[in-house]
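Working through the structure, step by step
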Amino acid sequence: MEVRRDRYLDSLVDRMHNGMIKVITGIRRCGKTYLLFELFGGHLRGELGVDDDHIIEIALDEEANRALRDPGALDAYLRSRIADKASRYYVMLDEVQYAISDNELRRDEPPRLYGVLNGLLRMRNVDVYVTGSNSKLLSTDVMTQFRGRGDEVRVRPLSFSEFMQGFKGDRYQGWAEYVVFGGMPLLLGMRTDEQKSRYLERLFSETYLKDVVARNKVAKTQELEDLVNVLASSIGSLTNPPKIEATFKSVLGSKITASTISAYIGYLEESFLIEEARRYDVKGRKYIGSPKKYYFEDVGLRNARLGFRQVEQTHIMENIVYNELRSRGFSVDVGSVEKAAREGGKVVRKRLEVDFVANLGSRRYYIQSALHLPDEEKERQEKAPLREVPDSFSKIVLVRDVVKPTYDDEGILTMSVLDFLLDEKSLPR
């Protein structure tokens, strides 16, 4: 079945012929190849009428293209295909990390592949698109090795609205499926829960973790796996390497240090498995240091890592909202606001948490994720941090309950998380 990924396709179309290398990044198996070869390639052929011989597609992870993993051979092949200097060519290279050797990674100079790509940029009739599954090799190089001529498009697993394009059922059945198995695209073709569970479990252990271990030469593999479990169990909770170190010592009897934990977290972020959300002092308008929150790129992968034993919808919903905001292009922080209160005749200052402070250009939203608001007391608790925010940007409470979008007397909007997820224009302007 075909899932329209218009958000990402539009991003590529908007970047056509901009003189930059379009770098498509994201976790493995999230649909980068499908986006580039099927959707964007289909756009070139169908909408623009580009001939096949002017579209050069190479999947470097395929055995048939092993010889082209050598940058010299790749460069020679591409130049042989670009025969007509007066016509436009589109070069699409999938999983380009296969063209970077381990020896090159250990050296300080840029890999030869970047020279090949920069050489293509000097050919005015060539438009270049590449995909990769490791941010350290690509994303961080967009502004350095390509000297400001790289343009990143970050692709994620299926959002809830994309997932519902291929799901046979209503939004409530879809939600029940999505919070357990997430949005890895291949799941839509699987019929049984057993198939889905085994696929996600194998994908995590046999693909993602093995990649992290091999790429970073991780010696303490058990500690890495334990760390993944700790992070998976604590989504939506503030933590930091010293806290995790204490957990390792007290619960697991491990001597792993906070610095090693910090390095391992970095490896997981570079592989797009997790992302961090920093704390932001709303009133002071500054970032607060540690602790932070960590969210998983896909909730199905997170659940699979824990054997589907900890599917708490409160934290899962928070993770899904975070991912949706990030996929819409927002930068997302955890808000912190200070409130003065009188206790025992004394004035004390308390820190209240806003789940998400989402920024995109001049737009800002303060968002609370609350599974249910069963009574006035729970509603008061969820809205309390929003009432302490001193500016006039939109303040929203997202709930799993079936509700119509409603504003209270203080201008705080309560709306269904399903309406938010299924309608990209649901946020007030």
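Computed from a prediction, not measured in an experiment: that's the story for all the values here.

Observations regarding the overall build of the protein chain
From N to C terminus, the protein chain includes 15 helices and 13 strands. The C-alpha radius of gyration computed for the protein chain amounts to 23 Å, which stays within 12% of the reference 22 Å derived for 429 residues, consistent with globular compactness. Here the C-alpha coordinates of the protein chain stretch approximately 80 × 50 × 45 Å along the principal axes. For the protein chain, the proportion of contacts with a sequence separation of at least 24, taken over those separated by at least 6, is 67%.

Here we look at the pattern of salt bridges
Per the counting criterion, the structure on display carries 36 salt bridges. Measuring nitrogen to oxygen at the nearest pair gives 2.9 Å for the salt bridge that ties Arg5 to Glu162. On the criterion of sequence distance, the pair formed by Arg5 in the segment before helix H1 (6-14) and Glu162 in helix H6 (residues 160-166) is long-range, its members being 157 residues apart. For the pair Arg5 and Glu162, a shared accessibility class is recorded, and that class is buried. Note that Lys293 and Glu353 form a salt bridge whose closest N and O atoms lie 2.5 Å from each other. Separated by 60 residues along the polypeptide, Lys293 in strand E7 (residues 286-296) and Glu353 in strand E9 (residues 346-360) bring together distant segments of the chain.

With respect to the sheet that holds strand E11 (residues 394-399)
One open sheet accounts for 8 strands, arranged E7-E6-E8-E9-E10-E11-E13-E12; its pairing is mixed. The open sheet is flanked by E7 and strand E12 (406-407), the only strands paired with a single partner. Each of strand E8 (331-343), E9, strand E10 (363-370), E11 and strand E13 (412-416) touches helix H14 (residues 376-387); the most contacted strand, E10, lies at about 160° to it.

Brief notes about unusual backbone geometry
The omega angle of the peptide bond from Ser290 to Pro291 is 5°, so this bond is cis rather than trans. Along the chain, Pro291 turns up in strand E7. The backbone of His17 sits at a positive phi, close to 60°, despite the residue not being glycine. Relative to the helices and strands, His17 resides in the loop between H1 and strand E1 (21-25). A residue is classified by how much of its surface remains accessible, and His17, at 39% relative accessible area, is partly exposed.

What counts, and where the lines are drawn
Residues numbered from 1 in each chain as written. Predicted model: local features only at pLDDT ≥ 70, side-chain atom pairs only at ≥ 80, totals over all residues. Heavy atoms only, no water. Helix = DSSP H or I, 4+ residues; strand = E, 2+ residues; numbered from the N terminus. Rg over C-alpha atoms; globule rule 2.2 N^0.38 Å. Contact = heavy atoms within 4.5 Å. Salt bridge = Lys/Arg side-chain N within 4 Å of Asp/Glu carboxyl O. Buried < 20%, exposed > 50% of the residue type's maximum accessible area, 1.4 Å probe, protein only. Pairing = 2+ DSSP bridges. Axes fitted to C-alpha atoms, helices over the stretch in contact; angles between N-to-C directions.

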